[in-house]
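Coordinate inspection notes
The chain contents come next:
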Amino acid sequence: MNLKSAFGRKILYLGVLVVMLVPLFLLGQPATGKGDRAGQLAEMRERFNIAESDLGEISPASETMKLASLGMRGVASTLLWNKAHDFSVRHEWDRLKATLNNIALLQPHFDRVWEFQAWNLAYNVSSEFDDYRQRYNMVGEGTDYLTRGVKQNRHASRLVWYTGWFYGQKLGMSDERKQFRELFADDEVWHEELLGEGIAVDSPEARGPMGKPDNWLVGRLWLNRGYDLVDSGVKIRRQTPINFYETGPKWRFKHAEAIEKEGVLDERAQNAWELASEDWGVLGNRSIPVTAPFTIKLDRIDELKRQRDEKDEQFIELVGDTTQTVRDELIAKLSETERELLNRPLSEMTGDEFNLRRGAEFKTKPARADVARRTDPDVRLRAIRLAGEIDDLEARINKTEGYRKQINYQYWKTLAIAEQEERTVRARRLVYEAEKANADAELDKAIELYEESFAIWADIFDDYPILIIDDTAEDLRDSIRRYAIAIDSQEFDEDFPLKTFVEMMDEDGYMDPDLYEKVRETQASKLEERQKEKEAEEKRLAEEAAKLEAAEKAKQQEEAESEETDSGSESDSSGSEEMNQDEASEAPESEAAESDEPESSENETEETDAADESSN
């Protein structure tokens with residue numbers, strides 16, 4: 001009986017397996033290319049671009065590894081990850097790299113594999129070497145690993161972004177950044193590999209002031225490739241769009257800062273800041289997806305506020321006294337204490353009373369939708385529509401302001417404008433020369449250069465107060481300390497240009513957060529005023545240039561007319577000389593006649609004098 005039941009179960013299981021093969025065959029049937037309908041899985045791979053040929057480069061070795069794992073890729077990958085860790089601990093670098101290659105073959109489309117192992121090579125493994133050249137080579141191994149990952153996953157926007165981030169972060173911000181930047185600028189083998197990947201390191205977009213590829217600018221080109229990928233329709237995954245889009249423009253800022261610290265303090269630095277400002281402007285006008293059913297543009301905040309204020313005025317005029325009526329009803333619902341606080345001066349309140357009053361004000365602020373529904377029926381529909389439009393604008397404003405604060409948008413915008421000015425570059429150059437003189441023990445020269453630079457920085461901080469919380473301010477604070485040592489005094493005179501700046505810093509050299517917020521609030525108006533001043537100055541210089549050009553043209557025209565007059569005078573003078581020669585031939589007789597007259601008059605005079613004497 002048992003044997004029969006066991007045999008029956010086997011037959012049943014076999015029948016279930018055969019039945020299950022039918023839907024599996026229909027779902028997984030590949031396209032024949034002859035017009036036959038493919039299975040659902042094949043259609044889904046085509047629809048979502050997840051076929052091997054769509055994801056990236058087809059690797060026969062990778063496919064062989066998948067088959068060799070007999071369907072247990074997860075188990076094999078886990079074992080290899082553990083082995084990679086063991087090889088790293090034992091410093092067996094060749095075996096580590098071989099293991100990482102095997103992991104990549106097993107999981108070629110899992111982009112976190114490429115990210116993690118590239119980080120492991122560039123950060124963890126490289127730190128095990130003493131020579132910075134060996135550390136640089138290991139960083140190169142990490143970036144090469146990322147580049148291979150991009151090949152295998154050409155639609156992985158996050159992986160492309162991470163590659164660009166790597167070039168800036170690791171080569172430009174590590175402790176060995178000075179050596180790394182120099183090595184990368186001269187690494188022709190690496191440059192050739194980048195050219196093979198389509199990164200134009202031979203273009204002006206990638207080259208620094210010395211005409212060599214710059215790691216920040218090369219990283220920016222990688223990031224731009226990621227932006228183009230997303231613009232073509234690929235989605236941003238595992239990353240916020242604002243972080244994804246801000247990195248490329250920010251690498252321009254980092255490039256400008258880097259070359260200034262390396263001593264490039266002339267028009268090349270100004271040009272780098274101008275390009276950074278342009279990139280930041282592109283970011284400000286880019287449509288960025290947010291956690292709301294709309295996109296935002298960071299630089300459109302003023303336009304949104306203007307539209308909201310215009311519609312708010314229309315709404316107030318439309319609803320008339322209804323707003324106040326609704327507010328009075330809300331006030332009547334408050335407690336007696338809250339109503340009394342609404343009428344008491346703020347100066348007479350304690351902290352708790354002030355908070356209670358703020359809560360009461362919030363409770364008595366009528367919602368526009370409620371006011372619109374209570375207004376006159378003739379304008380009610382229009383009021384409801386206006387209320388909805390205003391609420392939508394306020395939602396956009398709040399979201400835009402939140403993202404602007406998240407990436408400190410206003411600060412970077414102001415920094416780029418301030419750093420473009422010639423006086424800022426001059427101030428930096430003076431500090432750089434003062435530090436050099438101080439290091440060479442030329443104290444008198446250093447003190448003179450310090451004081452000249454401090455006067456310029458004081459004017460810059462007056463026009464751009466937000467810069468007092470910049471890294472520049474921290475460097476300047478250190479320079480002020482060295483200046484104090486040079487003059488052998490920790491006390492500064494009242495007329496010291498940066499006295500207020502020094503007093504605003506705490507003992508550790510950091511800015512008071514409350515003061516920082518106040519600076520942020522006043523910066524917008526300050527920047528607008530400065531922009532107007534710059535526009536007026538540019539207009540004045542343009543007018544002066546036009547006047548000089550007009551004066552130069554008038555002078556040239558006058559000189560041309562003078563030359564024509566001189567040539568005409570020469571021809572007239574030659575004709576008059578001929579006439580004088582003709583007159584000269586007739587002149588002797590007339591001259592003789594003229595000469596006789598004075599002689600006769602003299603004789604007559606003598607005879608008269610003789611007659612007078614004889615008569616006497």
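Please read all numbers here as calculations on a predicted model, not as lab measurements. (Residues numbered from 1 in each chain as written. Predicted model: local features only at pLDDT ≥ 70, side-chain atom pairs only at ≥ 80, totals over all residues. Heavy atoms only, no water.)

1. Examining the overall build of the protein
Our working rule: Here a helix means four or more residues in a row that DSSP labels H or I, a strand means two or more in a row labelled E, and each is numbered from the N terminus. Whether two residues are in contact is decided by their heavy atoms, any of which lying within 4.5 Å being enough. Areas reported as accessible are Shrake-Rupley estimates using a 1.4 Å probe. Residue values count occlusion only from the protein chains shown.
Scanning the protein from terminus to terminus reveals 26 helices and two strands. Here the contacts in the protein between residues at least 6 apart in sequence split such that 66% fall between residues at least 24 apart. Accessible area for the protein stands at about 37,500 Å²; split by element, carbon and sulfur atoms hold 50% of it.

2. Regarding the packing of aromatic side chains
Here is the rule we go by: Only Phe, Tyr and Trp rings take part, Trp by its six-membered ring, and two of them pair if their centres are within 6.5 Å. Stacked means planes under 30 degrees apart, edge-to-face means over 60, and tilted covers everything else. Type-normalised accessible area, obtained with a 1.4 Å probe on protein chains alone, sets the label of each residue: buried when under 20%, exposed when over 50%, and partly exposed for intermediate values.
Using the criterion set out here, one finds 34 aromatic pairs in the structure. Geometrically, the ring pair formed by Tyr450 and Phe454 is stacked, given 5.8 Å between the ring centres and 20° between the ring planes. Taken together, the residues Tyr450 and Phe454, both in helix 23 (residues 443–463) and four residues apart, mark about one turn of the helix. Summarising the burial analysis for this pair, Tyr450 and Phe454 share the class buried.

3. Some remarks on the side chain of Gln270
The topology assignment puts Gln270 in helix 14 (residues 267–284). Judged by its relative accessible area of 18%, Gln270 is buried.

4. Thoughts on helix 24 (residues 471–487)
Count 3.6 residues to each turn of an α-helix, and residues three or four apart come out pointing the same way. As a reminder of what qualifies: Given a helix with a known number of residues, its expected span is that number minus one, times 1.5 Å.
For helix 24, with 17 residues, the first-to-last C-alpha span of 25 Å sits near the 24 Å given by 1.5 Å per residue. Among the residues of helix 24, those classed as buried are Thr472, Ala473, Leu476, Arg477, Ser479, Ile480, Tyr483, Ala484 and Ala486. Buried residues belonging to helix 24 abut helix 21 (409–420), helix 22 (422–439), helix 23 and helix 25 (499–504). Positive phi shows up at Asp488, right after helix 24, with a value of about 55°.

5. Considering a negative patch on the surface
Inclusion rule: The patches described consist of residues with a relative accessible area above 30% and no salt bridge, like charges being joined within 9 Å and nonpolar side chains (Val, Leu, Ile, Met, Phe, Trp, Tyr) within 5 Å. Whenever Lys or Arg places a side-chain nitrogen within 4 Å of a carboxyl oxygen from Asp or Glu, that contact is recorded as a salt bridge. Just so you know, the count uses Lys and Arg for positive and Asp and Glu for negative, and it drops His and the chain ends. Working definition for charges: the position is that of NZ of Lys, CZ of Arg, CG of Asp or CD of Glu.
Together, Glu552, Glu558, Glu559, Glu561, Glu563 and Glu564 give the surface a local cluster of negative charge. Relative to the helices and strands, Glu563 is located in helix 26 (residues 513–615). Of the residues examined, Glu563 reaches a relative accessible area of 56% and is grouped as exposed.

6. A closer look at the pattern of salt bridges
On inspection of all chains with the given rule, the structure shows 47 salt bridges. Across the salt bridge formed by Lys413 and Asp299, the nearest N and O atoms sit 3.1 Å from each other. Of the two residues, Lys413 is situated in helix 21 and Asp299 in the loop between strand 2 (295–296) and helix 15 (301–319); the sequence distance between them amounts to 114 residues. Classification of Lys413 by relative accessible area gives partly exposed; the value is 26%. Residues joined by salt bridges that share partners form a network here, namely Asp111, Glu115, Arg158 and Arg238.

7. Overview of the packing of helix 6 (residues 93–106) against helix 8 (residues 132–152)
Put simply, the rule reads: An axis is simply a line fitted to the C-alpha atoms; with a helix, the fit covers only the stretch in contact. Between two such axes, the angle follows the N-to-C directions and lies from 0 to 180 degrees. Reported orientations rely on four angle classes, namely roughly parallel under 35 degrees, roughly antiparallel over 145, roughly perpendicular from 65 to 115, and oblique for the rest. Whether a crossing is left-handed or right-handed is set by the direction in which the near helix is turned from the far one by less than a right angle, anticlockwise for left-handed and clockwise for right-handed. Under this grouping Gly is polar, as are all residues other than the nonpolar Ala, Val, Leu, Ile, Met, Phe, Trp, Tyr, Cys and Pro and the charged Asp, Glu, Lys and Arg.
Running from amino to carboxyl end, helix 6 crosses helix 8 at an angle of 15°, the nearest separation of the two axes being 12 Å. One finds that helix 6 runs roughly parallel with respect to helix 8. Considering only the axes of helix 6 and helix 8, their crossing is right-handed. From helix 6, Lys97, Leu100, Asn101 and Ala104 reach across to helix 8, where they touch Glu141, Tyr145 and Arg148. Residue classes in the contact of helix 6 with helix 8 are distributed as three nonpolar, one polar and three charged.

8. Looking at a nonpolar patch on the surface
Side chains of Leu12, Tyr13, Leu14, Val16, Leu17, Val18 and Met20 sit close together on the surface and give an oily, nonpolar patch of about 700 Å² of accessible area. Mapped onto the elements, Val18 comes out in helix 1 (residues 2–28).

9. Looking at the nonpolar core
Formally: In this description, a nonpolar core means a group of buried Ala, Val, Leu, Ile, Met, Phe, Trp, Tyr and Cys residues linked to one another through side-chain atoms lying within 4.5 Å.
Core analysis: the largest hydrophobic core is formed by 105 residues, its most contacted members being Leu194, Val218, Leu298, Leu467 and Leu498. Among the elements that line this core, the one with the most residues is helix 23, at 10 residues. For Leu298, the residues in contact, after removing those within four places along its chain, are Ile242, Leu283, Gly284, Ile288, Thr400, Tyr403, Arg404, Ile407 and Tyr409. Counting residues in each nonpolar core, the second largest holds 10 residues, with Val319, Ala372, Ala383 and Leu386 among its members.

10. Looking at unusual backbone geometry
For His91, which is not glycine, the phi dihedral falls at a positive 60°. The topology assignment puts His91 in the loop between helix 5 (73–89) and helix 6. A relative accessible area of 40% places His91 in the partly exposed class. You will see that Asp488, though not glycine, has its phi angle at about 55°, which is positive. With respect to the helices, strands and loops of the structure, Asp488 is situated in the loop between helix 24 and helix 25.

11. Quick word on the packing of helix 9 (residues 157–173) against helix 13 (residues 241–261)
Axis separation between helix 9 and helix 13 bottoms out at 11 Å; the angle between their running directions is 30°. The angle between helix 9 and helix 13 falls in the class roughly parallel. Read as a crossing pair, helix 9 and helix 13 show a hand that is left-handed. Between helix 9 and helix 13, the contacting residues are Ser157, Trp161, Gly164, Trp165, Gly168 and Gln169 on the first element and Asn243, Phe244, Thr247 and Trp251 on the second. Taken together, the residues of the contact of helix 9 with helix 13 break down into four nonpolar, six polar and no charged.

12. Describing helix 10 (residues 177–185)
Filter applied, for reference: Note that the arc is defined by the directions from the helix axis to the C-beta atoms.
Listing the buried residues of helix 10 in full gives Phe180, Arg181, Phe184 and Ala185. In an axial view of helix 10, the angular spread of the buried residues amounts to 130°, which keeps them on one side of the axis. At its buried positions, helix 10 is contacted by helix 8, helix 9, helix 11 (188–196), helix 12 (215–231) and helix 13.

13. Thoughts on the confidence of the model for the protein
Put simply, the rule reads: Confidence of the predictor in every single residue is expressed as pLDDT, which spans 0 to 100.
When pLDDT is averaged across the protein, the result is 81; 79% of the residues are at 70 or more. Within the model, the stretch residues 573–616 combines pLDDT values under 50 with zero contacts to residues more than four positions away or in other chains.

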